[in-house]
Amino acid sequence: MTEIVILSVPLFSTLCNEAFKLRRSVFIGEQNVPADEEFDEADLSAHHIVAIQAGEVAGTLRLVYLDDHVKIGRVAVGAQWRGHGIASAMIRFGMKAHHTARDNRFYLTAQSDKIALYEKFGFTAFGDEFLDGGMPHLAMKNY
């Protein structure tokens, strides 16, 4: 397998638009998230990250600066690229690139079946399970 390249990309750049296309495919197409919930106003101020594998946008995530922490969200990896460490590489890159923001305090809401992925990065689940996009989620933080 070729090397995974992780990049921060500007909003509405060609690579960011490809990332939005991938997100729609994963969240709306595969997971049946309502289309009006997938893209939101946070995308306009978010820091967008993409993973390039074999010349394609294979994964994406966004980081949003909130008052108390940086929120990691919209983590998506294309079906053909799953199981190759792409999500982990993007999370590692994002946390390293933004560790000085909000005193290295990161937060996310994880699909309940993905909790173990985030625990590898020091996240701990808290609170009650809730539905987001029709799927069970848990809030997680690394502080």
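Values in this document were obtained by computation on a predicted structure and should not be read as measured data. Here, residues in each chain are numbered from 1, in the same order as that chain's written sequence. For this predicted model, a pLDDT threshold of at least 70 governs which residues receive local features, and a threshold of 80 or more governs which side-chain atom pairs are given and counted, while totals over whole chains, interfaces and linings are taken from all residues. Values shown for side chains rest on all heavy atoms present in the structure; no hydrogens or waters enter the calculation.

A. Expanded view of the overall build of the protein. Secondary structure is summarised from DSSP: a helix means a run of H or I of at least four residues, a strand means a run of E of at least two, and numbering begins at the N terminus for each. A count of helical and extended segments in the protein gives 4 helices and 7 strands. Mapped from its N terminus to its C terminus, the protein presents α and β elements in the order β-α-α-β-β-β-α-β-α-β-β. Against the 2.2 N^0.38 benchmark of 15 Å for 143 residues, the protein shows a C-alpha radius of gyration of 14 Å, consistent with a compact globule. Taking the principal axes of the C-alpha coordinates as reference, the protein spans close to 40 × 35 × 30 Å. Among the 143 residues that make up the protein, the fraction classed as buried is 45%. Here the analysis covers contacts within the protein between residues at least 6 apart in sequence; of these, 60% occur between residues at least 24 apart. Here, Shrake-Rupley sampling with a 1.4 Å probe gives the accessible areas, and only protein chains in the shown set may cover a residue. When the accessible surface of the protein is totalled, it reaches about 7,500 Å², and 52% of it is carbon and sulfur. Of the side-chain charges in the protein, 14 are positive and 18 negative, and the distance between the mean point of each set is 5 Å. Throughout, the radius of gyration refers to the C-alpha atoms, and the reference size of a globule is 2.2 Å times the residue count to the power 0.38. Remark: exposure states derive from per-residue accessible area (1.4 Å probe, protein chains only) relative to the maximum for the residue type, with buried under 20%, exposed over 50%, and partly exposed in between. Whether two residues touch is decided by their heavy atoms; if any such pair falls within 4.5 Å, the residues are in contact. Neither His nor the chain ends is counted toward charge; the positive residues are Lys and Arg and the negative residues Asp and Glu. Note that the charge is assigned to NZ on lysines, CZ on arginines, CG on aspartates and CD on glutamates.

B. Representation of the UniProt feature "domain: N-acetyltransferase" (unreviewed entry) in the protein. UniProt positions are given in the numbering used here, feature names are shortened, and annotations may be inferred rather than shown by experiment. As annotated in UniProt, the feature "domain: N-acetyltransferase" (unreviewed entry) corresponds to residues 4–143 in the numbering used here. Counted over residues 4–143, helix gives 27% and strand 37%. Its end C-alpha atoms are 29 Å apart.

C. Spotlight on the sheet that holds strand S1 (residues 5–9). What the 7 strands build is an open sheet, ordered S1-S2-S3-S4-S5-S7-S6; its pairing is mixed. Looking along the sheet, the strands with just one partner apiece sit at the ends: S1 and strand S6 (124–132). On average, each strand axis in the sheet is tilted by 25° relative to the strand beside it, whichever way the strands run. Lines are fitted to the C-alpha atoms to define the axes, a helix being fitted only along its stretch in contact, and any angle between axes, read from their N-to-C directions, falls within 0 to 180 degrees. Packing against the sheet, helix H1 (residues 14–30) makes contact with S1, strand S2 (47–53), strand S3 (56–65), strand S4 (70–77) and strand S5 (106–111), and its axis sits at approximately 95° to S3. The rule for pairing is simple: two strands pair if DSSP sees at least two bridges between them.

D. Structural detail: the packing of aromatic side chains. The criterion for an aromatic pair is that two Phe, Tyr or Trp rings (for Trp, the six-membered ring) have centres within 6.5 Å, with stacked assigned to planes under 30 degrees apart, edge-to-face to planes over 60 apart and tilted to the rest. Summed over the entire model, instances satisfying the criterion amount to 4 aromatic pairs. Pairing phenylalanine 12 with phenylalanine 20 gives two aromatic rings, centres 6.1 Å apart and planes at 70°, and the pair type is edge-to-face. When the centroid spacing of 6.3 Å and the interplanar angle of 80° are considered together, the rings of tyrosine 118 and phenylalanine 123 count as edge-to-face. With respect to class, tyrosine 118 is no different from phenylalanine 123; both count as buried. Pairwise contacts between aromatic rings join Phe12, Phe20 and Phe39 into one cluster. Directly above the aromatic system of tyrosine 143 lies the positively charged group of arginine 105, at a separation of 3.8 Å from the ring centroid. A ring has a charge above it when a Lys NZ or an Arg CZ is no more than 6 Å from the ring centre and no more than 35 degrees off the ring normal.

E. Looking closely at the pattern of salt bridges. Criterion for a salt bridge: a side-chain nitrogen of Lys or Arg within 4 Å of a carboxyl oxygen of Asp or Glu. The full count for this structure, using the stated rule, is 8 salt bridges. Here aspartate 43 and arginine 23 are joined by a salt bridge, their closest N and O atoms 2.8 Å apart. Of this pair, aspartate 43 sits in the loop between helix H2 (35–38) and S2 while arginine 23 sits in helix H1, and the two are 20 residues apart along the sequence. A salt bridge links aspartate 43 to arginine 62; the shortest N-O distance between them is 3.0 Å. Placement of the pair is aspartate 43 in the loop between H2 and S2 and arginine 62 in strand S3, with a sequence separation of 19 residues. You'll find aspartate 43 and arginine 62 in the same group, each marked buried.

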